[in-house]
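Here are the chains, one letter per residue:
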Amino acid sequence: MEINEILIVAMFVTFILLLFTGLPVAWVLAGVGILFAFIAYQSDIHLDTITGIDFVSVGLVVDRTYKIMDNWILVALPMFIFMGNLLDKSGVAEKLMKSFQELFGNVRGGLAITVVLIGIILAASTGIVGASVVLLGVMSLPAMLNQGYSKTVTVGTVASSGTLGILIPPSIMLVIMADQLALSVGDLFMGAVFPGLILGVLYIVYILGWGIIKPDSMPLAKDVKPVTRTVCWNVVKAVTPTLAMILAVLGSIFAGIATPTEASAVGAAAAMALAWQNGRLSIKVIQECLRDTLNVSGYIFAIFIGATMFALVLRELGGDEYIESLLTSLPFGPYGIILFILFIVFLLGFILDWIEITLIILPLVAPVISALEIAINGYGVLDNPTMVWFVMLVALTLQTSFLTPPVGFSLFYLKGVCPPGVTLGTIYKGVMPFILLQLTALALLIAFPALVNWFPAVVYGQ
């Protein structure tokens, strides 16, 4: 191996090892970049190698950081985060839970279906996985366990439903992916609609089927009330404000009225209106939401800067070309290479957050996907239908890794709010059927790319 290839491999190994020290990811990324820039520079001086790196290269990170701060697309991130935080405190989810419980009370597994539906609505409202999992857990775990639901069904339903926020728009992850790959945020948002709904439908079908096979695992409530017009009207009243907010955000993007950045501001204003309508809007609540938004935004943008440092040194060493040559030399066809990349992303999802994978891995493999020359139909409208389809595959793969033992992030979010009797082993067992459903959805997207590209093409075709 040449010196540059040795340094590239050593960079990745050092980065992964340092993650286990508990150091902040942003500092690890930046520190590894600076360290290997220094090593390469010293190697050129003392070992007569030619790596092509000196500390002038490191100075380029200043210009790149300015471009990050000057990026209008990324302005949407703190706005969407604020919207999600405010909705968590607005009382919307509690109203939805109560009304859906009354509507599905006569259905075996109705409480689990309620959790799935609220998970879909929260995903389209907040886009924050941790917040959705914790909120669903706090609201639904006691109710499901008290009604006699098995622990495995309960925790599996809550964890998988809360994790939908990583995929269903307006997803923060999709905003960052669009920025990194120079794709339209609107394309990704619209491309994610059907995959998200397909997952929700698969969850509901599984719950209904399991309720028939194992009725004891999902007993009916003892005080089941008949579905009346009043119950239906309560559901409409609970759902309408949230759907109006979702339509205001996504509809303004889809209709071309607002950019994603402008739509994020619309969403933040709509979330404030919902909180005010429910009597939850106060100075204290706004302060808490702003503080949480600052913390999360600071975390994300710090990783942006650290990843910029890491990626800059990696590219100066020729990391792009090296990784591309490794992948294209694999003895697989184009779809085999894609499956291999998805498998690597799945494994990395155990030790890295989606932010690091999006900022580091996606830009490295994007040229490989473009070079594979896979013709995915964009119906003559989408600029880069193949990449939109591939991003959805990556997003769904990351969502699956969030649920997969032993280190799925959603599992630990849920464990933090579980009653004492629910062990981590119970959570692992409960999510297994939903992981299989995730893989089923992934297989459908691979076999039928139109599930991703048809909807954005129809919208743009108009």
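This text goes with the structure placed above it.
Student: I tried to follow the overall build of the chain on my own but got confused; where do I start?
Tutor: Each helix and strand counted, the chain has 21 helices and zero strands in total. Scaling as 2.2 N^0.38, a compact globule of 462 residues should have a C-alpha radius of gyration of about 23 Å, and the chain matches this with 23 Å. For the chain, the spread of C-alpha atoms along the three principal axes comes to 80 × 50 × 45 Å. Expressed as a percentage of the 462 residues in the chain, the buried residues total 55%.

Student: Please clarify how the side chain of Ser160 should be interpreted in this entry.
Tutor: Following the sequence through the fold, Ser160 ends up in helix 8 (residues 151-162). Dropping the residues within four chain positions of it, Ser160 is found in contact with Tyr203, Leu403 and Phe434.

Student: Just checking my understanding: could you explain a nonpolar patch on the surface for this structure?
Tutor: Among the surface-exposed residues, Val9, Val13 and Leu17 lie close enough to one another that they form a single nonpolar patch of about 240 Å² accessible area. Considering the arrangement of structural elements, one finds Val13 in helix 1 (residues 3-19). Val13 gets classed as partly exposed once you look at its relative accessible area, which sits at 42%.

Student: What's the story with the packing of helix 9 (residues 172-180) against helix 17 (residues 354-371) in this structure? I'm lost.
Tutor: The angle between the axes and the distance between the axes are what describe a pair of packed helices. At their nearest, the axes of helix 9 and helix 17 sit 10 Å apart, and the two run at 20° to each other. As the angle between them shows, helix 9 and helix 17 are arranged roughly parallel. When you trace helix 9 past helix 17, the crossing you get is right-handed. Packed against helix 9, whose contacting residues are Ile172, Met173, Ile176, Met177 and Gln180, the element helix 17 presents Trp354, Thr358, Leu359, Leu362 and Pro363 at the interface. When grouped by side-chain class, the residues that make up the contact of helix 9 with helix 17 number eight nonpolar, two polar and no charged.

Student: Got a minute to help me understand the environment of Ala375 in this structure?
Tutor: Position of Ala375 among the secondary structure elements: in the loop between helix 17 and helix 18 (385-403). For the pair Ala375 and Ala395, spaced 20 residues apart in sequence, the C-alpha to C-alpha distance is 20 Å.

Student: Where do I start with the layout of surface pockets in this structure?
Tutor: It is a probe the size of a water molecule, rolled over the atoms, that shows where empty space is left. Here the largest pocket defines a volume of roughly 570 Å³. What lines the largest pocket is a set of 22 residues, and nearest its centre among them are Phe12, Ile323, Ile344, Leu348 and Ile361. Per-class residue counts for the lining of the largest pocket are 22 nonpolar, no polar and no charged.

Student: Honestly, the environment of Val155 in this entry has me stumped. Any pointers?
Tutor: The residue Val155 is located in helix 8 in this model. Val155 gets classed as buried once you look at its relative accessible area, which sits at 1%. Separated by 106 residues in sequence, Val155 and Thr261 have C-alpha atoms that sit 35 Å apart. Every residue in contact with Val155, bar those within four places of it in the chain, is listed here: Leu141, Leu414, Cys418, Val422, Thr426, Ile427 and Gly430.

Student: What's the story with the environment of Ala258 in this structure? I'm lost.
Tutor: With respect to the element layout, Ala258 can be found in the loop between helix 12 (229-254) and helix 13 (260-277). By relative accessible area, Ala258 is classed as buried at 14%. Once residues lying within four places of it in the same chain are set aside, the contact partners of Ala258 are Ser252, Ile253 and Ala263.

Student: Would you mind showing me how to read the packing of aromatic side chains here?
Tutor: For the structure shown, the criterion picks out ten aromatic pairs. Note on Phe12 and Phe310: the rings are 5.8 Å apart at their centroids and 70° apart in plane angle, and the pair reads as edge-to-face. With a gap of 298 residues between them, Phe12 in helix 1 and Phe310 in helix 14 (residues 283-316) connect regions that are remote in the sequence. Ring plane angle 25° and centroid distance 5.8 Å describe the contact between Phe194 and Trp454, whose orientation is recorded as stacked.

Student: Is there a simple way to think about the packing of helix 18 against helix 20 (residues 424-447) in this case?
Tutor: Contact geometry of helix 18 with helix 20 gives a least axis separation of 10 Å together with a crossing angle of 170°. Our classification of the angle between helix 18 and helix 20 gives roughly antiparallel. Taking contact as the criterion, the partners of Trp389, Met392, Leu393, Leu396, Thr397, Gln399, Thr400 and Leu403 in helix 18 are, on helix 20, Val431, Ile435, Gln438, Leu439, Ala441, Leu442, Leu445 and Ile446. Residue classes in the contact of helix 18 with helix 20 are distributed as twelve nonpolar, four polar and no charged.

What counts and how
- Residues numbered from 1 in each chain as written.
- Predicted model: local features only at pLDDT ≥ 70, side-chain atom pairs only at ≥ 80, totals over all residues.
- Heavy atoms only, no water.
- Helix = DSSP H or I, 4+ residues; strand = E, 2+ residues; numbered from the N terminus.
- Rg over C-alpha atoms; globule rule 2.2 N^0.38 Å.
- Buried < 20%, exposed > 50% of the residue type's maximum accessible area, 1.4 Å probe, protein only.
- Contact = heavy atoms within 4.5 Å.
- Patch = residues over 30% accessible without salt bridge, like charges linked within 9 Å, V, L, I, M, F, W, Y side chains within 5 Å.
- Areas by Shrake-Rupley, 256 points an atom, 1.4 Å probe, with all protein chains shown as cover.
- Salt bridge = Lys/Arg side-chain N within 4 Å of Asp/Glu carboxyl O.
- Axes fitted to C-alpha atoms, helices over the stretch in contact; angles between N-to-C directions.
- Parallel < 35°, antiparallel > 145°, perpendicular 65-115°, else oblique.
- Left-handed = near helix turned anticlockwise from the far one by under 90°.
- Nonpolar A, V, L, I, M, F, W, Y, C, P; charged D, E, K, R; others polar.
- 1 Å grid on protein atoms, 1.4 Å probe; cavity = no way out; pocket = protein on both sides within 12 Å on 5 of 7 lines; lining within 4 Å.
- Points joined across faces, edges and corners; volume = space filled by probe spheres on them.
- Phe/Tyr/Trp six-rings, centres within 6.5 Å; stacked < 30°, edge-to-face > 60°.

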